[in-house]
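One-letter residues, chain by chain:
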Amino acid sequence: MNNPESMSEDARLSRDFFKRNTVIVAKDLLGKRLVRLENNHRLAGYIVEAEAYRGEEDLGCHAHVGYTPRTRIMYGSAGHAYVYFTYGMHWMLNIVTEQEGFPAAVLIRGIQPCEGLDIISERRKGLPINHWTDGPAKICQAMNINGELNGIDLCAPNAPLFVENGIAGNAISDEYIKTGPRVGLFSVPEPWKSIAWRFILQMEVSDEIIGR
DNA sequence: AGCACGATTAACT
DNA sequence: GTTAATCGTGCTC
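Just so you know, these numbers come straight off a predicted model, no measurement behind them.

## Overview of the packing of aromatic side chains
Then, in step 1: Scanning the model with the defined rule gives 5 aromatic pairs in all.
Then, in step 2: Each ring, one from Tyr67 and one from Tyr75, has its centre 5.2 Å from the other, and the planes form 65°; the classification is edge-to-face.
Then, in step 3: Accessibility expressed as a relative area gives 56% for Tyr67, which makes it exposed.
Then, in step 4: Against the face of Phe162 rests Arg12, its NZ or CZ located 3.6 Å from the ring centre.
Then, in step 5: Its guanidinium or amino end placed over the ring of Phe17, Arg20 lies 4.6 Å from that ring's centre, counting from NZ or CZ.

Dropping the structure here:
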């Protein structure tokens, strides 16, 4: 990471980035670029909202039930995709974090599209641009992310899905980051229901801001 | 084998 | 603000 070449703004995030405390990773993912390659298309968007789900202790985390076929991926090594199906119709994208054996992941809840807008608009037909990718299942619809990508390594050289260092290694100032309770945990006991592990980027991400 | 519920979304009143 | 859509997962019988 000390090599200037690896700090270029388009560098893919390494496994070391994800292999840290989940709450920190969730916050640090704000402003990074989520990239999806399919066929000859490149779709991308800046991550503007993310949530941390951390360990069996966290009663909001799927892994609170322990190691099952569904939670298996979260127990694996960092930087892998945990894609799951819910409400009978929606896919959700998470990125596995922390040490192997400790189940945790970051849920990607919102992105600001920046590449492949024609395809994204086609897939989100009829809806206004600000509602194309402002929810976890909407991102998966827009980027064609489904169970086939569950368990893939986002740090592999040929990965069809990965995250790029959108802001050239610079952290975003806390004044632009809003925190709050995670969404949708209706029957989860406290303190997990209210813990402020949701992170939202409050500013519009522009090429100027990220120094391109 | 059956059941309750879900890290949601879109359409509607 | 309310609600239907729709099915995998984990738990109980």
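Here the narrative resumes.
## Some remarks on helix H4 (residues 136–143)
Then, in step 1: Among the 8 residues that make up H4, 6 are buried, leaving the element largely enclosed by the rest of the structure.
Then, in step 2: All of the buried residues in H4 are Pro136, Ala137, Ile139, Cys140, Ala142 and Met143.
Then, in step 3: If you follow the buried residues of H4, they end up packed against strand E1 (33–38), strand E2 (41–54), strand E4 (90–96), strand E5 (104–115) and helix H3 (117–123).
Then, in step 4: Backbone geometry just after H4 places Asn144 at a positive phi near 55°.

## Some remarks on the protein's contact with DNA strand C
Then, in step 1: Contacts to DNA strand C come from Val65, Thr68, Arg70, Phe85, Tyr87, Gly88 and Met89.
Then, in step 2: Counted by atom, the contact set of DNA strand C within 4 Å of the protein is 68% sugar and phosphate.
Then, in step 3: Within the backbone of Tyr87, one N or O atom sits 2.4 Å away from a base oxygen of DNA strand C.
Then, in step 4: Measuring from a sugar or linking oxygen of DNA strand C, one finds a backbone N or O atom of Gly88 at 3.5 Å.

What counts, and where the lines are drawn
- Residues numbered from 1 in each chain as written.
- Chains lettered and ligands numbered in written order.
- Predicted model: local features only at pLDDT ≥ 70, side-chain atom pairs only at ≥ 80, totals over all residues.
- Heavy atoms only, no water.
- Phe/Tyr/Trp six-rings, centres within 6.5 Å; stacked < 30°, edge-to-face > 60°.
- Buried < 20%, exposed > 50% of the residue type's maximum accessible area, 1.4 Å probe, protein only.
- Lys NZ or Arg CZ within 6 Å of the ring centre and 35° of its normal.
- Helix = DSSP H or I, 4+ residues; strand = E, 2+ residues; numbered from the N terminus.
- Contact = heavy atoms within 4.5 Å.
- Near = heavy atom within 4 Å.
- Polar contact = N/O pair within 3.5 Å; in protein donor to acceptor, adjacent residues only side chain to side chain.

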